[in-house]
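# Structural overview
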Amino acid sequence: MYKRNFILLTVLTLVCVAYVKVRAQDLAPSSVFNVNYKSDQVATKKAFSQALTRLKIPVKIKFKASDKVNWGFAINTVCKADKWLKSRSFKKCVTYANGLGFLKGPLSEKVKSTKKITYGELNVLLARVIAAKSSDSQAENQQVDPPQSLRPPAAESSMSIQMPAKTYQDVDFTPVPDGTINKDFFANILLSSPIPTRFYQDEVYFIEGDVAGVAADEAFVFLCPDKLGCDKSENFLEKVDGKHFKIPVQFKKIGNFQMGMIAGRSGQSRIEDISVLPKPDGEDVGGIATTDFSTGYKAGKMIFRWNGQGSFTRLIFFQDKVRQDYIFRQNVMAFAPPSKDFAGFKKGKASWTVKQNGAIGQIQEVSLTKQDFYKVKTESVQVKALQETFASPAKFTFQGRSLTNIAKKVAFTLPNGKVKEFDFASEDLPTQKDFSIEMNLDLSGTYIFEVNDPDGLAVINVPVYVGGAIPLLPDFFTLNEPALDVGSLPSLEEARDQMLALINKDRADNQLPALVLAVDLNSIAQAHSQDMVAKKFFGHVNPLGQSPDDRRKNAGITTPIRENLGKAANLELVEAGLVRSPIHRAAIIDSAATRVGIGIAKNSEGYYLVTQNFAADPVIPSALPRIEGELLSHANSVRASKSLANLSSGETLRSVAKTWSERMSTNDFFSVTDPASNDKLVDALHTAGVNSSIQMYIVKAALTDQLVEQISQQDGINDSSNTKIGIGLAINSAGEIYMTVIYIP
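Heads up: these notes are all about the structure in this document. Quick caveat: nothing in here was measured; it's all calculated off a predicted structure.

Helices and strands together make up the secondary structure of the protein chain, namely 16 helices and 36 strands. Expressed as a percentage of its 745 residues, the buried residues of the protein chain come to 49%. The long-range fraction of contacts in the protein chain, counting pairs at least 24 apart against all pairs at least 6 apart in sequence, stands at 66%. When the accessible surface of the protein chain is totalled, it reaches about 35,800 Å², and 50% of it is carbon and sulfur.

In this structure the tally under the stated criterion is 30 aromatic pairs. Centroid distance F317 to F342: 5.2 Å. Interplanar angle 90°. Geometry classified as edge-to-face. Separated by 25 residues along the polypeptide, F317 in strand β13 (residues 313-319) and F342 in the loop between β15 (334-335) and β16 (348-356) bring together distant segments of the chain. In this structure, F317 and F342 share a single accessibility class: buried. A centroid spacing of 5.1 Å and a plane angle of 65° characterise the contact between F328 and F335, whose relative ring orientation is edge-to-face. Under the relative-accessibility criterion, F335 is labelled buried at 7%. Grouped by ring-pair contacts, the aromatic residues F206, F293, F304, W306, F317, Y326, F328, F335, F342, F345 and W352 constitute a single cluster. Above the face of the F73 ring, K45 is positioned so that its terminal group lies 4.3 Å from the ring centre. When the ring centre of Y607 is taken as reference, the NZ or CZ atom of K567 above it lies at 5.3 Å.

Strands sit in the order β33-β35-β36-β34 across an open sheet of 4 strands; the sheet is mixed. The outermost strands of the open sheet, each flanked by one partner alone, are β33 (648-649) and β34 (695-701). Across the sheet, helix α13 (residues 651-667) is in contact with β33, β34, β35 (724-731) and β36 (737-744); its angle to β35 comes to roughly 25°.

Attention now goes to the nonpolar core. Grouped burial of nonpolar side chains is what soluble globular proteins tend to show. One finds F48, W71, I75, W84, L103, L122 and L125 to be the most contacted residues of the largest nonpolar core, which totals 32 residues. Within the residue set of this core, elements represented by two or more residues are α1 (45-54), α2 (71-81), α3 (90-99) and α4 (119-140).

In this section: the side chain of N256. One can find N256 in strand β9 (residues 255-263). Within polar-contact distance, the side chain of N256 engages the side chain of S275 at 2.4 Å. With sequence-adjacent residues up to four places away left out, N256 is seen in contact with F173, T174, P175, V176, P225, D226, I274 and S275.

For helix α8 (residues 519-535), with 17 residues, the first-to-last C-alpha span of 24 Å sits near the 24 Å given by 1.5 Å per residue. Of the positions making up α8, those classed as buried are L521, N522, I524, A525, Q526, H528, S529, D531 and M532. In the segment just after α8, K536 is the residue with positive phi, at about 55°.

So, on to the pairing of strand β23 (residues 409-413). The element β23 is extensively covered by neighbouring structure, given that 4 of its 5 residues are classed as buried. Bridge count for β23 against strand β24 (residues 419-423) is 5 bridges, and the pairing is antiparallel. Of the residues in β24, the one forming a bridge with A411 is E421. Hairpin geometry of β23 and β24 is characterised by an intervening segment of 5 residues between the two adjacent antiparallel strands and by a positive phi of about 95° at G417. One ladder, built from 4 bridges, connects β23 with strand β26 (residues 445-452); its direction is antiparallel. Each residue of the ladder has a partner; that of F412, found in β26, is F449.

Our focus in this paragraph is the pattern of salt bridges. Evaluated as defined, the whole model comprises 32 salt bridges. The partner of E630 in a salt bridge is R626, and the shortest N-O contact between them spans 2.9 Å. Of this pair, E630 and R626 both sit in helix α12 (residues 624-641), separated by 4 residues, roughly a single helical turn. Shared partners join several salt bridges into a network, and the residues in it are K166, D202, R314, R323 and D325.

Before going further, it helps to spend a moment on the sheet that holds strand β6 (residues 218-225). Pairing between the strands of a sheet is mediated by backbone hydrogen bonds and can be parallel or antiparallel. Overall, mixed pairing links the 5 strands, which are arranged β4-β10-β9-β6-β7 in an open sheet. Unpaired on one side and paired on the other, β4 (198-200) and β7 (234-239) mark the two borders of the sheet. Sheet twist, expressed as the average angle between the axes of neighbouring strands with direction ignored, equals 30°. Across 6 bridges, β6 lies against β7 in antiparallel orientation.

Relative to the helices and strands, A385 resides in strand β20 (residues 381-386). As a C-alpha pair, A385 and T397 span 12 residues in sequence and 7.5 Å in three-dimensional space.

Below, the discussion takes up unusual backbone geometry. In this structure, N331 is a non-glycine residue whose phi angle is positive, near 55°. Relative to the helices and strands, N331 resides in the loop between β14 (322-328) and β15. Located in the positive-phi region is K536, a residue other than glycine, with phi close to 55°. With respect to the element layout, K536 can be found in the loop between α8 and α9 (548-554).

Here we take up the side chain of K45. With respect to the helices, strands and loops of the structure, K45 is situated in helix α1. Notably, K45 is buried but unbridged: the nearest opposite-charge side chain belongs to D67, and the N-O separation is 4.2 Å. Dropping the residues within four chain positions of it, K45 is found in contact with I61, K62, F63, D67, K68, V69 and F73.

A few words now on the environment of E481. Tracing the sequence through the fold places E481 in the loop between α6 (476-479) and α7 (492-508). Judged by relative accessible area, E481 falls into the exposed class, the value being 59%. E481 sits 88 residues away from A569 along the chain, and the two C-alpha atoms are 9.1 Å apart.

In this section: the state of the cysteines. One pass over the structure, following the stated rule, counts 2 disulfides. Across the disulfide from C224 sits C230; the S-S distance is 1.9 Å. Of note, the bridge from C224 to C230 carries an S-S torsion of about 100° and is right-handed in sense. Both residues of the pair, C224 and C230, count as buried.

Secondary-structure assignment places V464 in strand β27 (residues 458-466). Between the C-alpha atom of V464 and that of T389, which follows or precedes it by 75 residues, the distance is 5.8 Å.

Empty space within the second largest pocket amounts to approximately 1,800 Å³. Around the second largest pocket, the lining comprises 47 residues; the ones closest to its centre are K409, E421, R562, I583 and Q706. Mapped by element, the contributors of at least two residues to the lining of the second largest pocket are β24, α9, β30 (562-568), α11 (582-588), β32 (608-615), β34 and α15 (704-712). A per-class count over the lining of the second largest pocket returns 22 nonpolar, 10 polar and 15 charged.

Right, let's talk about the packing of α7 against helix α10 (residues 571-580) for a bit. Viewed as axis vectors pointing N to C, α7 and α10 meet at an angle of 35°, and their least axial separation amounts to 10 Å. The handedness of the crossing between α7 and α10 comes out as right-handed. For the pair α7 and α10, contact is made by A495, Q498, M499, L502, I503 and D506 and by L571, E572, V574, E575 and V579, respectively.

About the cut-offs
- Residues numbered from 1 in each chain as written.
- Predicted model: local features only at pLDDT ≥ 70, side-chain atom pairs only at ≥ 80, totals over all residues.
- Heavy atoms only, no water.
- Helix = DSSP H or I, 4+ residues; strand = E, 2+ residues; numbered from the N terminus.
- Buried < 20%, exposed > 50% of the residue type's maximum accessible area, 1.4 Å probe, protein only.
- Contact = heavy atoms within 4.5 Å.
- Areas by Shrake-Rupley, 256 points an atom, 1.4 Å probe, with all protein chains shown as cover.
- Phe/Tyr/Trp six-rings, centres within 6.5 Å; stacked < 30°, edge-to-face > 60°.
- Lys NZ or Arg CZ within 6 Å of the ring centre and 35° of its normal.
- Pairing = 2+ DSSP bridges.
- Axes fitted to C-alpha atoms, helices over the stretch in contact; angles between N-to-C directions.
- Core = buried A, V, L, I, M, F, W, Y, C linked by side-chain atoms within 4.5 Å.
- Polar contact = N/O pair within 3.5 Å; in protein donor to acceptor, adjacent residues only side chain to side chain.
- Expected span 1.5 Å × (residues − 1).
- Salt bridge = Lys/Arg side-chain N within 4 Å of Asp/Glu carboxyl O.
- Lys, Arg positive; Asp, Glu negative; His and termini not counted.
- Disulfide = S-S within 2.5 Å.
- 1 Å grid on protein atoms, 1.4 Å probe; cavity = no way out; pocket = protein on both sides within 12 Å on 5 of 7 lines; lining within 4 Å.
- Points joined across faces, edges and corners; volume = space filled by probe spheres on them.
- Nonpolar A, V, L, I, M, F, W, Y, C, P; charged D, E, K, R; others polar.
- Left-handed = near helix turned anticlockwise from the far one by under 90°.

Functional significance is not addressed by these values, which are geometric in nature.
Below you can see the structure in the form of structure tokens.
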């Protein structure tokens, strides 16, 4: 969010002298009237009626042979017959005609109703009306095909696609004069070329230039609705490259506006009046249909490309009865539409095409999917190779270079919602270290690829699309722009219940049971959120150097925790951001978790700082024999999958293993040798009468799931000569589990 301060300076009225060049077809007598006449001769109602009949504009005119036509009669008749407006008056119809350019030179935009109209003037007016009417029927409803020379052969599938008609709003305002804004009009800005003062609904106009006289990383254009002030302005912000900027400004609504521009994120600007009209005059004349279409995706943007040029190009997307248009007049041949414009579209089949000055290209069929946000922290990582789309399942390879320290763990959210985490390096990466990450993408759909720094903050969080769908639909964050509220937290209990409901919904979506709030976990989570607000930091390690594990141990909590931190304008955005991140999502949908603690605080800016602490039920000593039995069963399942004989539990082996695990947990060491007495595990086995070959393993883990994972990877479980196993467990006061495993033939 950025603040804007506007000083509305007196804007000098631009006085423009327009030199008008009229198209030949606008003046061709035989194109409208089927009579001989002089262009400066006053038109008769009889000739007017015959022309309307010939042009298939249905209207009945009562007249005498000597009746002449004035501007009031001509405008009102065409306005009624062509159904320009529901509520008609001469003034409203003139305003509408001006909006569509019907009365531009050589006619006059300020006509008097009583003034007689000549054949030449009436010819120009009717030629423009029928050209617009014909192009709407041809290009929008596809009832009349363009000549074969202007379009490529259409495939049978696209011939049956019905494009919804484009509707235009009535012009109920007086447009500003057709002029330009000078290149040096805005402070600290030098435009590449003057900006017009008239634009069109659905137009995207690229305002380009250089920042001058100040240092600015960004620049933005703002539009203020006429008479509503700039509190409700629409803003278009872009990065400045060196000093240069190129800002696509999108005009969605007709009307009069004030336009301003600022170098930076805040400041003051002169403003100029502009108008947005429904449709450009001459849009549908003289085009050649586009024959070359392509799409591409890069750095979070879906790009649509086409060939050819036109004074007006219309990019059209549609799905069922929903349609989205973009108009260009700067020889644009590629565009990345904002995903927020497609809120009315849905996943699945859609179509797009391009119309160049009235000639429409072949309709392209695509399948739409959600466009997830894209984040690469360029100050932390240099991307050398990153393929973001795959037509079908394939191997994903990322290559990059660390510019700051990077954590060794990578995580992917899979299209089925599950998370895959693994270490791509043996230790966290230092700065200036090249690295690569590979993973097989076996499913079609959207993956989320994430790499974090050692503090758990994402340096890479990007979608990877598999299967050929076009990512264009808006995601949750695009549809829910944040609005900060600096008021205090209304009720911690209610906020905590709301966050718990959001967490449990995400778990239910992944077929997992709900979590329950734990008082001890709530306490340490709330203390950390309040600490972050009070000391103005955001991270897992507090200014005293205490980690989440330190905080839970200090509180006497014996179960390990997984901590998520979120910061956003509301709780929905916090949870959406966490579940979007693969590493944080893994904590939310951890099947081992049964309890959660939630801390919520608000800072002075209005941001919610949320701490989530997830934990399993505590492992109590009386449960250890059951867990030992489950580990034995798992070990034999692994052996059965490899056609190996079951291992039997040797009582002597189990006794020695359990005694050693208890010794490690009590004396706080982790080794096959007790550092205090120099006693060795192998000596304990010999004393117990075990003199055969021995394979020994010790494990220290926070969760029982980790014990299962570790025992699956031991060489002893895969040794066909082994026949007996001993598993012994112990747990210390911090909840850490020690496991000793012994194999013998």
